[in-house]
Amino acid sequence: MKKFYLFLIFSICIYTSCNDESVNMEEQEDFVLSESDLNAMLEHELLSNLCYVDVINDSTFNYRLRFGHPDDTDPTILYFKSTYENEALSFFRSLIPIGEEIRLVESGNTITYTIEDVGKLKYSSIGSNDVVAKIEVDFQKIPMIKECIFLPEHAWPYNDVASPFRRGAIYKNKNENRKYLCLKEYTGENNKGIMITFDGGWSTKKIDKVSGVPVDCPSRYVWQLLEDLYTTKKSKFEQAYDKNVIPFHLYWGGSYAVGGETTYRKWYWPYKRHTLTRVFFVKNTGKMQYVDFNWNAPWEELTEYSGILGSYSIEFGSAPIDARVWEVIAY
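Described below are features of the structure shown in this document. (Residues numbered from 1 in each chain as written. Predicted model: local features only at pLDDT ≥ 70, side-chain atom pairs only at ≥ 80, totals over all residues. Heavy atoms only, no water.)

Let us look at the sheet that holds strand β6 (residues 110-115). Spatially, 7 strands are ordered β3-β4-β9-β8-β7-β6-β5 in an open sheet, and the strand pairing comes out mixed. With partners counted over all chains shown, the strands left at the sheet margins are β3 (69-70) and β5 (105-107), one partner each. Of the pairings in the sheet, the one linking strand β8 (residues 133-139) to strand β9 (residues 147-152) comprises 4 bridges and is antiparallel in character. In the strand pairing of β9, I135 is matched with C148. Its contacts with the sheet put helix α3 (residues 87-95) on β4 (77-82), β5, β6, β7 (119-125), β8 and β9, and the angle it makes with β7 is roughly 165°. (Pairing = 2+ DSSP bridges. Helix = DSSP H or I, 4+ residues; strand = E, 2+ residues; numbered from the N terminus. Contact = heavy atoms within 4.5 Å. Axes fitted to C-alpha atoms, helices over the stretch in contact; angles between N-to-C directions.)

What follows is the structure, given as structure tokens:
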């Protein structure tokens, strides 16, 4: 009952916030992107999901390899170890800009996403004994990535490195007094492990006025990993909920509730406007849903960011768990 009343209060706050943002959106009805600006925005969002990004200025970026093990003879081919069903498809979908899912073209065992005059991604389900799936990448701004190939565990050719944190397990950082849920294990230098926490509180974080992204906010890939945990290890997801690691307003009722706020900056060249994305979890379908709200303030006025649920993610490598810092809550 206490959780129910808390949820009602939370819903009222969100409703008020959404109304405010709706007004802002009405005030911006004359704000229309040209096709070239829209495509540039979509390209940057997709490449930001796939790569690390160094911001040079408002419209110039340097993209660096983030995922995959480069092939020894052709480093534009990246290998991934597939550890659970549909992992390759989930990774592909996590790259697609929010709202662009309706533009996916499915044909047989392939799914293609195209940004006109910019580039495309093509997912192919292989299903052989040696290859699970592959993603063809064709974007001029990232010539270092041409193909992502997902291999089954038995065909993984590289020496495994033991992950210090286990997928689905819960850990507490004693220094921060935060509980973390491990969503992805470490499997190599460009395949870092990932954990998420919702214990950041209702705090305000400064953002970089150039990049516009709060440090350590979960990317769409991280939210996809949380969804995958629900669909492939539901007992681990529910364990995290039972231990209040996943907040009740993320996993509540039959419809959906706010799960996080933010993680995505939309680049509106040359207008420098901002879009806020809120993340919802739909329990009935086990899917994440993403809803955009336009931010009324011009970019120059955007100096702070308020984290509604304090959801943050961290990456980790092969270093052993430091017992002075980390406590195991549940495996």
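Having put the structure on the table, let's press on.
What follows is about the nonpolar core. Formed by 51 residues in total, the largest nonpolar core has its most connected members in F91, L121, I135, V137, I142, L181 and L226. Here the element with the most residues in this core is helix α4 (residues 220-232); it accounts for 7 residues. Apart from the residues lying within four places of it in its own chain, the contact partners of L121 are L46, F92, L95, I96, I111, T112, Y113, I135, E136, V137 and F139. (Core = buried A, V, L, I, M, F, W, Y, C linked by side-chain atoms within 4.5 Å. Buried < 20%, exposed > 50% of the residue type's maximum accessible area, 1.4 Å probe, protein only.)

As for its position among the elements, E100 is in the loop between α3 and β5. Since its relative accessible area comes to 11%, E100 is described here as buried. For E100, the side chain forms a polar contact with the side chain of Y113, separated by 2.9 Å. (Polar contact = N/O pair within 3.5 Å; in protein donor to acceptor, adjacent residues only side chain to side chain.)

With that settled, consider the sheet that holds strand β10 (residues 170-173). The strands making up a sheet associate through backbone hydrogen bonding, with each pair oriented either parallel or antiparallel. The 5 strands lie next to each other as β18-β12-β11-β10-β19, forming an open sheet whose pairing is antiparallel. Each edge of the sheet is formed by a strand with only one pairing partner; in this case those strands are β18 (312-316) and β19 (326-330). The average angle at which neighbouring strand axes cross in this sheet is 35°, direction not considered. Two strands pair when backbone bridges link them, and strand β12 (residues 193-197) and β18 are joined in this way by 5 bridges, in the antiparallel orientation. From the neighbouring strand, I194 faces β18, where its bridge partner is E315. In this fold α4 packs onto β11 (178-184), β12 and β18, with an angle of close to 80° to the strand it touches most, β11.

Here the focus is the side chain of T197. Here T197 lies in strand β12. Judged by relative accessible area, T197 falls into the buried class, the value being 0%. Here the side chain of T197 touches K179 through a polar contact of 2.8 Å, landing on its backbone oxygen. A distance of 3.1 Å separates a polar side-chain atom of T197 from the backbone nitrogen of D199.

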